[in-house]
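These are the residues of each chain, in order.
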Amino acid sequence: MSERNTMTTRGNGGDLLVQVLREAGVDTVFGIVSVHNQPLVQAVGKHLRFVPVRHEATAVNAADGYARATGGLGCALTSTGTGAGNAAGSLIESLSAGTSVLHVTGQVESRYLGSGRGFIHETKDQLGMLEAVSAHAATIRDTDSAGKALREAVAHALATPGGPASIEWPIDLQYAEHDLTPATAAEQESHPADENQLAAALAALARARRPVIWAGGGVARAGDALAELVERWGVPLLTSNSGRGAVPEDHPLCIGNYGSSPKGRALLADADLLLSLGTHFRSNETGDYSIPVPSTHVQVDVDAAAPGRVFPADLPVVGEVGEFLTAALTVEGLGSAVESEWTHRARETREQVRAAQRTGLGDHAVLCDAVRAALPRDAVVARDVTIASSSWGNRLLPMYDPRSNVFPRGGGIGQGLGMAIGAAVADETRPTLGLVGDGGLAVHFGELLTMAQEKPWLVLLVCNDGGYGVLRNMQAGAGDRPYAVDLATPDFALLAQSIGVAYRRIGAAGEAHATLAEAASLHEPVIVEVDLASYGEMPAPFTPPVTVPGR
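Presented here is an overview of the structure given in this document. Small disclaimer: the values here were computed from a predicted structure and weren't measured.

Parameters and conventions
- Residues numbered from 1 in each chain as written.
- Predicted model: local features only at pLDDT ≥ 70, side-chain atom pairs only at ≥ 80, totals over all residues.
- Heavy atoms only, no water.
- Helix = DSSP H or I, 4+ residues; strand = E, 2+ residues; numbered from the N terminus.
- Buried < 20%, exposed > 50% of the residue type's maximum accessible area, 1.4 Å probe, protein only.
- Polar contact = N/O pair within 3.5 Å; in protein donor to acceptor, adjacent residues only side chain to side chain.
- Core = buried A, V, L, I, M, F, W, Y, C linked by side-chain atoms within 4.5 Å.
- Contact = heavy atoms within 4.5 Å.
- Pairing = 2+ DSSP bridges.
- Arc of directions from axis to C-beta.
- Axes fitted to C-alpha atoms, helices over the stretch in contact; angles between N-to-C directions.
- Parallel < 35°, antiparallel > 145°, perpendicular 65-115°, else oblique.
- Left-handed = near helix turned anticlockwise from the far one by under 90°.

## Here's the deal with the environment of Val526
- By the element assignment, Val526 lies in strand β20 (residues 526-531).
- The class for Val526 is buried, based on a relative accessible area of 0%.
- The sequence separation of Val526 and Gly500 amounts to 26 residues, and the corresponding C-alpha distance is 9.6 Å.

Structure below.
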């Protein structure tokens, strides 16, 4: 062997980060350059694509959107102190969703760590803050352990259920020389179910006459097996918002995210078994936990604390959802006990819940139809928290792939644009739709400049009602005069012109299809404003499914 082949490759911290990201299949990183991360940004910009966002929160949101759209890992780079603090809210979203995000933030020189002397960008217990908002957090203490620390963070982020992994990296160690020897392939972590739990659950499935499946975000990587189970078993499929798209929503047995609707509740009330798969049973999707749940409840989750946490689960199965579904498909005679009328009712319920919602939406249902007509089936729809998203975007708008279904699962407003940018950059072979309101868009308004600069194929649909329409409706529904909800809104045509981005306007339902089709055909960023003052209100104004104490 030659001397050249035995030599160890060396480089600085940025080179090491690039190597680790390449090992994880990452080709794009989002962040803000700072005096405390320049070696990292320089190397990423040289070897990968660096997207310079305008706020650290958006760096994480964009990495989050990139991860969801690719099904892999997203990466965000921020500065230390205030910069890391700015990222915290978006890390909470990633934690809530279990998204695979690697967040690398700078840190002051290692000799000053914890000294509290006021070194520039220093903050009290930055690692403690990161631990509170991340699934995993660690400090790089020396060059010898840097590669190990980064790869462990990637493994934590990609694990099931996953979540953000944060690394703080002192600036002197970023500049220092590191060993760039490639890592050996890590073994995949396995979560086999208890055989007794599995056998009892499968026996219950075989006996069920009127079963219902409730699928959460844990089914994202097991959609094919879930679709096969639904068909062979012949049973209705309800989903959480996170579970949408695992089974394409044009499937006749896929009712979708309508579990708390009157027809969804009636179905659950008449069921004799509920099979729930990888779900949190979030309050806003269960009517504050008021939906009826059958006494026989098979709850499958990789998290041992999940079964019974919200609803009683007499048949818990702790293990991978995909492995459970594989086992369920081997059950002899599966579906033979299911009543034929039950399968027929599943199909009827699917149509009834959509018809009822369309009646309440009125002409706003046309926006939903126009979006779907303008986009290919695999296009990502990244939705902020706004009336359009919370009404038709999260339910009526069909999803055909879980990677297309991007939205803030923690409910925080203002994160949709960053997620849309991340998803759009991840795959520029087809358009991405960002669905936002004027109020949420204003939270990170500066990211319109990121969109203009990077020029992704992104249709930004802005529903403009001059403020926080969700809360305005909530206040009106309670008999209150509106307060703190009316906001100044820009002239979006002039705004788009000023940043060199195309602009289109929808002022009536009859304009929706043609305008969105044209916007999607531009192959560049475009702002499409829905002027709601001109377009008109919904027949049944949307209010959030939030219980107000005392009312």
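After that view, the rundown keeps rolling.
## Here's the deal with helix α2 (residues 13-23)
- Within α2, eight of the 11 residues are buried, leaving the element largely enclosed by the surrounding structure.
- Buried residues of α2: Gly13, Gly14, Leu16, Leu17, Val18, Gln19, Val20 and Leu21, and no others.
- Sitting at the head of α2, Asn12 places a side-chain oxygen 2.9 Å from the backbone nitrogen of Gly14.
- Positive backbone phi, at 80 degrees, marks Gly25, one or two positions downstream of α2.

## Things to note about the nonpolar core
- Counting residues in each nonpolar core, the largest one holds 88 residues, and the members touching the most others are Leu226, Trp233, Leu275, Val298, Phe324 and Trp392.
- Discounting chain neighbours no more than four positions away, the residues touching Leu226 are Ile213, Ala215, Val219, Leu237, Ala246, Val247, Leu277 and Leu325.

## With respect to the pairing of strand β18 (residues 458-464)
- For β18, a buried count of seven out of seven residues is recorded, marking the element as mostly surrounded by other parts of the structure.
- Of the two faces of β18, the one holding Leu458, Leu460, Val462 and Asn464 and the one holding Val459, Leu461 and Cys463 are both buried throughout.
- For strand β17 (residues 432-437) and β18, the ladder comprises six bridges, and the chain directions are parallel. Each residue of the ladder has a partner; that of Gly434, found in β18, is Leu460.
- Here six bridges tie β18 to β20, and the two strands are oriented parallel to one another. Each residue of the ladder has a partner; that of Asn464, found in β20, is Asp531.

## A short note on the environment of Ala452
- Considering the arrangement of structural elements, one finds Ala452 in helix α18 (residues 447-454).
- Sequence separation between Ala452 and Thr82 is 370 residues, and the spatial gap between their C-alpha atoms is 26 Å.
- Excluding residues that lie within four positions of it along the chain, Ala452 makes contacts with Ile499 and Val501.

## Points about helix α6 (residues 126-133)
- Every buried residue belonging to α6 is among Gln126, Leu127, Leu130 and Val133, and all of these are buried. With its buried residues spanning 135 degrees around the axis, α6 presents them on a single face.
- Contacts made by the buried residues of α6 are with α5 (82-97), β5 (101-107), β6 (136-139) and β7 (165-170).

## Looking at the packing of α2 against helix α3 (residues 38-47)
- Running from N to C, α2 and α3 cross one another at 50 degrees; their axes reach a closest spacing of 7 Å. Classified by the angle between their axes, α2 and α3 sit oblique to one another. Our pair here, α2 against α3, has a crossing hand that is right-handed. Contact residues: α2 offers Gly13, Gly14, Asp15, Leu17, Val18 and Arg22, while α3 offers Pro39, Leu40, Ala43, Val44 and His47.

Distances and angles like these do not, on their own, reveal function.
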